[in-house]
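As a plain string of letters, each chain reads:
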Amino acid sequence: MSLPAVLLAAGSSPSPSPSETETTTPAVPSLQDAQESATNAASWVEQNWSTWLAIGLRVLLVLVIAAVLRVVVRRAITKLIDRMSRTAEAVDGTALGGLLVNVERRRQRSQAIGSVLRSVASFLIMGTAALMVLSTFQINLAPLLASAGVAGVAIGFGARNLVTDFLSGVFMILEDQYGVGDTIDAGVASGEVIEVGLRVTKLRGDNGEIWYVRNGEVKRIGNLSQGWATAGVDVTVRASENLDRVKATLDEVADRMSKEEPWNELLWGPIEVLGLDSVLLDSMVVRVSAKTMPGKSLTVERELRWRVKRAFDAADIRIVGGATATEDVEPAPDPTATVAAPSVFANTDSPQSAAATPIAQPRPAAPTK
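Residues numbered from 1 in each chain as written. Predicted model: local features only at pLDDT ≥ 70, side-chain atom pairs only at ≥ 80, totals over all residues. Heavy atoms only, no water.

With respect to the overall build of the protein chain
Turning to step 1, where the next piece is worked out: Across its full length, the protein chain holds 11 helices and 8 strands.
Turning to step 2, where the next piece is worked out: Of all 369 residues assigned to the protein chain, the portion counted as buried reaches 25%.
Turning to step 3, where the next piece is worked out: By sequence separation, contacts in the protein chain at least 24 residues apart represent 66% of the contacts at least 6 residues apart.
Turning to step 4, where the next piece is worked out: Accessible surface for the protein chain amounts to roughly 26,000 Å². Of this, 61% is attributable to carbon and sulfur atoms. (Helix = DSSP H or I, 4+ residues; strand = E, 2+ residues; numbered from the N terminus. Buried < 20%, exposed > 50% of the residue type's maximum accessible area, 1.4 Å probe, protein only. Contact = heavy atoms within 4.5 Å. Areas by Shrake-Rupley, 256 points an atom, 1.4 Å probe, with all protein chains shown as cover.)

If you want it as structure tokens, here you go:
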């Protein structure tokens, strides 16, 4: 068959309809194509398995080192805190020393310091390990660190009070400025410490109220439970009293109170009569002082006043009050108290009295008959 006849026969053959074209199924890959794809995948895995293994081993090594370092650091911090607690037992067992290094107080302080140090150490170690793992996967850390820096600055400006409170709380705990059970004067509030936190300190006031004091707001702290306290009582007597008899009476009261319980435990020193604190025209002040257990000065002062008053009553020594106390003398009657004040209206001929006199109404004339 000639070439023109073949072309004519091809042109005369009907073309496939669109419906027949749409229903044509795609060609199924052959076994040779599947074998070729598997060969390429195996070749790719064979070329990159060493890289994957190296990355995996590097990540595993970083995590293991971080975990081991975290455990070692935490144990070292724990041993350091335990050593700090044991130093309290090595201090001389005096009353003052025992109070300053109270076992329970040191235990609470050690736990707080240890918790802060362990948290900081864990954050630094695990944060560094996370950055090293990301760098192992060839992740560019510059944008991440820049974003973290910007976020840190924004958080620092927005939460500067929170940061200030946290840092102040850390230093208060590290310096052992106060602890649970102490009575403090924080300026903004005063009372007994019932809880010490890194951000807020809870105080119970004298009337039972609870104060929540932010650590960053505390500018000064007066701890009334550390060391010792001073109980001072001022006794005001008449200037005519015998000072030797007054001093002997006070010495007798002090000696008796120092030997009785529970005052012998609350008193950390002898009750001393310091002498005349001030001398006025009609009175004089004798000051009595004693060193007491912290927080017990008011109790000792009340008891001392009670005993001094009873002893002075028995010795017929009169206690007067006020800086310029006077005798309770009945005042003389005022002779002018019953005399009325002079007034111009008392004189009927005075111009004021005439001006204040009402105008007399004229009487009607009697009718004539």
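Some points on helix 10 (residues 297-314)
Turning to step 1, where the next piece is worked out: Counted at 1.5 Å a residue, the expected span for helix 10 with its 18 residues is 26 Å, and the 26 Å between its end C-alpha atoms agrees.
Turning to step 2, where the next piece is worked out: Looking at helix 10, one finds that the buried residues are Ser297, Val300, Glu301, Glu303, Leu304, Arg307, Val308, Ala311 and Phe312.
Turning to step 3, where the next piece is worked out: Against the buried residues of helix 10 lie strand 6 (229-238), helix 8 (243-259), helix 9 (263-266) and strand 8 (283-292).
Turning to step 4, where the next piece is worked out: Asp316 sits one or two positions beyond helix 10 and adopts a positive phi of about 55°. (Expected span 1.5 Å × (residues − 1).)

Observations regarding helix 7 (residues 160-174)
Within an α-helix, residues lying three or four positions from one another point in the same direction, as the helix has 3.6 residues per turn.
Turning to step 1, where the next piece is worked out: Between its first and last C-alpha atoms helix 7 spans 21 Å; for 15 residues at 1.5 Å apiece the expected length is 21 Å, and the two agree.
Turning to step 2, where the next piece is worked out: Within the span of helix 7, buried status applies to Asp165, Gly169, Val170, Met172 and Ile173. Burial along helix 7 is one-sided: seen end-on, the buried residues are contained in an arc of 165°.
Turning to step 3, where the next piece is worked out: Downstream of helix 7 by one or two residues, Asp176 has phi in the positive range, about 55°. (Arc of directions from axis to C-beta.)

So, the pairing of strand 8
Turning to step 1, where the next piece is worked out: Among the 10 residues in strand 8, 8 count as buried, and that is most of the element.
Turning to step 2, where the next piece is worked out: The sheet contact formed by strand 6 and strand 8 spans 10 bridges and is antiparallel. The residue of strand 8 that forms the bridge with Val235 is Val286.
Turning to step 3, where the next piece is worked out: The hairpin formed by strand 7 (residues 272-279) and strand 8 contains 3 residues between the paired strands. (Pairing = 2+ DSSP bridges.)

Some words on the pattern of salt bridges
Turning to step 1, where the next piece is worked out: Going through the model one piece at a time under the given rule, you end up with 14 salt bridges.
Turning to step 2, where the next piece is worked out: A salt bridge links Glu303 to Arg307; the shortest N-O distance between them is 2.8 Å. Of this pair, Glu303 and Arg307 are both found in helix 10, 4 residues apart, which corresponds to roughly one turn of the helix.
Turning to step 3, where the next piece is worked out: A relative accessible area of 15% places Arg307 in the buried class.
Turning to step 4, where the next piece is worked out: One network of salt bridges, in which partners are shared, links Asp165, Arg214 and Glu217. (Salt bridge = Lys/Arg side-chain N within 4 Å of Asp/Glu carboxyl O.)

Section: the nonpolar core
Turning to step 1, where the next piece is worked out: Ranked by size, the top nonpolar core spans 24 residues in total, and within it Leu250, Ile271, Leu304, Val308 and Phe312 carry the most contacts.
Turning to step 2, where the next piece is worked out: Of all the elements in the fold, those that place two or more residues in this core are strand 6, helix 8, helix 9, strand 8 and helix 10.
Turning to step 3, where the next piece is worked out: Beyond its immediate chain neighbours, meaning those up to four positions away, Val308 contacts Val235, Leu250 and Val253.
Turning to step 4, where the next piece is worked out: Judged by nonpolar contacts, the second largest core, of 9 residues, contains Tyr178, Ile184, Ala186 and Leu203. (Core = buried A, V, L, I, M, F, W, Y, C linked by side-chain atoms within 4.5 Å.)

Remarks on the side chain of Ser289
Turning to step 1, where the next piece is worked out: With respect to the element layout, Ser289 can be found in strand 8.
Turning to step 2, where the next piece is worked out: In this view, Ser289 contacts Thr230, Ala231, Gly232, Pro270, Ile271, Glu272 and Leu274; residues no more than four positions away in its chain are not counted.

Some thoughts on the layout of surface pockets
Turning to step 1, where the next piece is worked out: Within this model, the largest pocket holds a volume of roughly 290 Å³.
Turning to step 2, where the next piece is worked out: Contributing to the lining of the largest pocket are Thr183, Gly191, Glu192, Arg204, Gly205, Asp206, Leu224, Ala229, Gly295, Ser297, Leu298 and Thr299.
Turning to step 3, where the next piece is worked out: Going through the elements one at a time, strand 2 (190-196) and helix 10 are the ones with two or more residues in the lining of the largest pocket.
Turning to step 4, where the next piece is worked out: In terms of residues, the lining of the largest pocket owes the most to one element, helix 10, which gives 3 residues. (1 Å grid on protein atoms, 1.4 Å probe; cavity = no way out; pocket = protein on both sides within 12 Å on 5 of 7 lines; lining within 4 Å. Points joined across faces, edges and corners; volume = space filled by probe spheres on them.)

Some points on the environment of Ile317
Turning to step 1, where the next piece is worked out: As for its placement among the helices and strands, Ile317 is situated in the loop between helix 10 and helix 11 (351-356).
Turning to step 2, where the next piece is worked out: A residue is classified by how much of its surface remains accessible, and Ile317, at 2% relative accessible area, is buried.
Turning to step 3, where the next piece is worked out: Residues Ile317 and Val246 lie 71 residues apart in sequence; the distance between their C-alpha atoms is 7.6 Å.
Turning to step 4, where the next piece is worked out: In this structure, Ile317 is in contact with Val237, Glu241, Arg245, Val246, Thr249 and Phe312, ignoring residues within four places of it in sequence.

Here's the deal with the pairing of strand 7
Turning to step 1, where the next piece is worked out: For strand 7 and strand 8, the ladder comprises 6 bridges, and the chain directions are antiparallel. Residue pairing across strands places Ser278 opposite Val285, the latter belonging to strand 8.

Observations concerning the sheet that holds strand 5 (residues 222-223)
Turning to step 1, where the next piece is worked out: Strand order in the open sheet formed by 5 strands is 4-3-2-1-5, and the pairing between neighbours is antiparallel. Edge positions in the open sheet fall to strand 4 (210-214) and strand 5, since each of these has one partner strand only.
Turning to step 2, where the next piece is worked out: Examined bridge by bridge, strand 2 and strand 3 (residues 200-204) share 4 bridges and lie antiparallel to one another. When the bridges of strand 3 are listed, Val193 appears paired with Leu203.

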